[in-house]
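Structural overview
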Amino acid sequence: MATNSTALPKTPTTTRIKRRFEELGRRGEMGLVAFLTAGDPSLAATESFVLALADAGADVVELGVPFSDPVADGPAIQRSSERALRAGATLSGVLDLVASIRRKSDVSLILFSYYNPVLQMGIERFACRAAEAGTDGVLITDLTPEEDGDYRPAMHAHGLDTVFLAAPTSTDERLARIAEASSGFLYVISRTGVTGARESLPEDLPALIRRVRRASRLPIAVGFGISLPGQVSILGGLADAAVVGSALVLEIEQAASVDAAREALSARVRALKDAGKTGMSRREPGT
């Protein structure tokens with residue numbers, strides 16, 4: 001039976017993600033959340049990519065746990081999950097990867113997963129292992145606050161932020177519930193549909209972000225369809241962070257080698273971060 005999400009405690013106030021967004025706010029800087037599918041083309045390669053992204057300026061790295069039956073992922077991320085699964089990536093292996101990264105970097109790390117692998121491992125075991133490995137937060141793509149059951153209490157008990165998704169179709173009532181269940185930041189989906197790079201931002205995105213602002217004081221990160229520096233620059237005037245995933249996954253897919261992919265990822269992240277700094281100068285009053 002679903003637990004009443006509004007009755008549950010929030011996470012500790014000193015998480016690495018919270019500190020990062022506070023630091024960005026003091027500097028007046030747009031955050032960048034970079035998504036990679038863990039294990040594409042191998043877990044060792046993913047570790048090198050994450051370290052390169054952190055050095056290039058990524059503020060948060062989302063590590064996607066590869067899953068065989070995705071419902072929110074577009075073609076690029078679906079293909080990356082297929083490659084990772086063929087290479088032998090598992091949730092347990094991804095947690096080991098986080099531990100290895102944490103020994104080398106202080107970058108904020110979020111696990112991006114569907115609920116099935118977490119349930120299969122066991123919620124409490126997953127929360128314990130994720131925290132011990134150095135994970136900062138978890139985003140379960142197909143889990144809503146109304147149905148989070150034992151999930152959120154377990155995550156919070158181990159000091160893990162819980163990030164939930166807000167969509168253009170979310171009513172104001174649902175936005176309030178999502179905001180109450182979330183910690184670290186709110187992930188706002190810019191458009192309906194699946195992930196994937198787009199040429200432009202939706203015209204109604206500013207209005208959506210304003211609605212989310214009214215529901216929560218958490219930082220807002222906008223994803224789905226974000227890939228170009230110009231889009232990040234525009235978001236700098238509206239949101240606190242941009243989430244870029246499919247464009248990075250495509251850099252890996254199209255590169256001739258792991259070294260070439262690492263260089264391409266670094267170059268793209270630097271350009272995106274620079275664009276975000278420009279956009280922050282156009283921040284709307286009161287946002």
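Criteria and cut-off values
Residues numbered from 1 in each chain as written. Predicted model: local features only at pLDDT ≥ 70, side-chain atom pairs only at ≥ 80, totals over all residues. Heavy atoms only, no water. Helix = DSSP H or I, 4+ residues; strand = E, 2+ residues; numbered from the N terminus. Core = buried A, V, L, I, M, F, W, Y, C linked by side-chain atoms within 4.5 Å. Buried < 20%, exposed > 50% of the residue type's maximum accessible area, 1.4 Å probe, protein only. Contact = heavy atoms within 4.5 Å. Pairing = 2+ DSSP bridges. Right-handed = clockwise from strand over helix to strand, strands pointing away. Axes fitted to C-alpha atoms, helices over the stretch in contact; angles between N-to-C directions. Polar contact = N/O pair within 3.5 Å; in protein donor to acceptor, adjacent residues only side chain to side chain. Phe/Tyr/Trp six-rings, centres within 6.5 Å; stacked < 30°, edge-to-face > 60°. 1 Å grid on protein atoms, 1.4 Å probe; cavity = no way out; pocket = protein on both sides within 12 Å on 5 of 7 lines; lining within 4 Å. Points joined across faces, edges and corners; volume = space filled by probe spheres on them.

**Considerations on the environment of Gln78**
Mapped onto the fold, Gln78 is located in helix α3 (residues 75-86). For the pair Gln78 and Pro66, spaced 12 residues apart in the sequence, the C-alpha separation amounts to 8.5 Å.

**So, the nonpolar core**
Core analysis: the largest hydrophobic core is formed by 67 residues, its most contacted members being Leu63, Phe126, Met155 and Val222. Take this core: its biggest share by element is six residues, from helix α4 (residues 91-102). For Met155, the contacting residues outside a window of four places in its chain are Ile123, Phe126, Ala127, Val138, Leu160 and Thr162.

**Here's the deal with unusual backbone geometry**
The omega torsion across Asp40 and Pro41 is 0°, close enough to zero to call that bond cis. By the secondary structure assignment, Pro41 is in the loop between β1 (31-37) and α2 (43-56).

**Overview of the pairing of strand β2 (residues 60-64)**
Counting buried positions along β2 yields five of five residues, so the element is predominantly enclosed. Every second residue of β2 is oriented toward a common face, with Val60, Glu62 and Gly64 on one face and Val61 and Leu63 on the other, all of them buried. With five bridges joining them, β1 and β2 adopt parallel strand pairing. The residue bridging Ala34 from the neighbouring strand is Val61, located in β2. Handedness of the crossover joining β1 and β2 through α2 is recorded here as right-handed. As defined by bridge partners, β2 adjoins strand β3 (residues 108-113) across five bridges and the pair is classed as parallel. The residue of β3 that forms the bridge with Glu62 is Ile110.

**Topic: the sheet that holds strand β7 (residues 186-189)**
Taken in spatial order, the nine strands make up an open sheet running β5-β4-β3-β2-β1-β9-β8-β7-β6, and their pairing is parallel. Both outer strands of the open sheet, β5 (161-162) and β6 (165-166), are each paired with one neighbouring strand and no more. In this structure, strand β8 (residues 220-223) lies alongside strand β9 (residues 241-244), joined through two bridges in parallel fashion. Counted as the bridge partner of Val222 is Ala242 from β9. Against the sheet, helix α9 (residues 205-215) engages β7 and β8, with an angle of about 150° to β8.

**Side note on the side chain of Ser183**
Here Ser183 is to be found in the loop between α8 (172-181) and β7. Exposure remark for Ser183: the relative accessible area of 5% places this residue in the buried category. Polar contacts involving the side chain of Ser183 include one to the side chain of Asp161, which spans 2.8 Å.

**Some remarks on the packing of aromatic side chains**
A full pass over the atoms with the stated rule returns five aromatic pairs. A ring pair is formed by Phe67 and Tyr114, whose centres lie 5.1 Å apart and whose planes are at 25°; its orientation type is stacked. Remark: Tyr114 occurs in the loop between β3 and α5 (115-121) and Phe67 occurs in the loop between β2 and α3; sequence separation between them is 47 residues. With respect to burial, Phe67 and Tyr114 carry one shared label: buried. Judged by centre distance (6.0 Å) and plane angle (80°), the rings of Tyr115 and Tyr151 are edge-to-face. Note that Tyr115 is positioned in helix α5 and Tyr151 in helix α7 (residues 151-157), a separation of 36 residues in sequence. On the basis of relative accessibility, which here comes to 13%, the residue Tyr115 falls in the buried class. You can call Tyr151 buried: its relative accessible area is 1%.

**Topic: empty space enclosed by the protein**
Applying the stated criterion across every chain, the model contains two cavities of 30 Å³ or more. Taken as a whole, the second largest cavity spans an internal volume of roughly 60 Å³. Lining the second largest cavity we find 12 residues, and of these Val65, Asp73, Ile77, Ser81 and Tyr114 sit closest to its centre. Residue assignment for the lining of the second largest cavity shows that the elements contributing at least two residues are β1 and α3.

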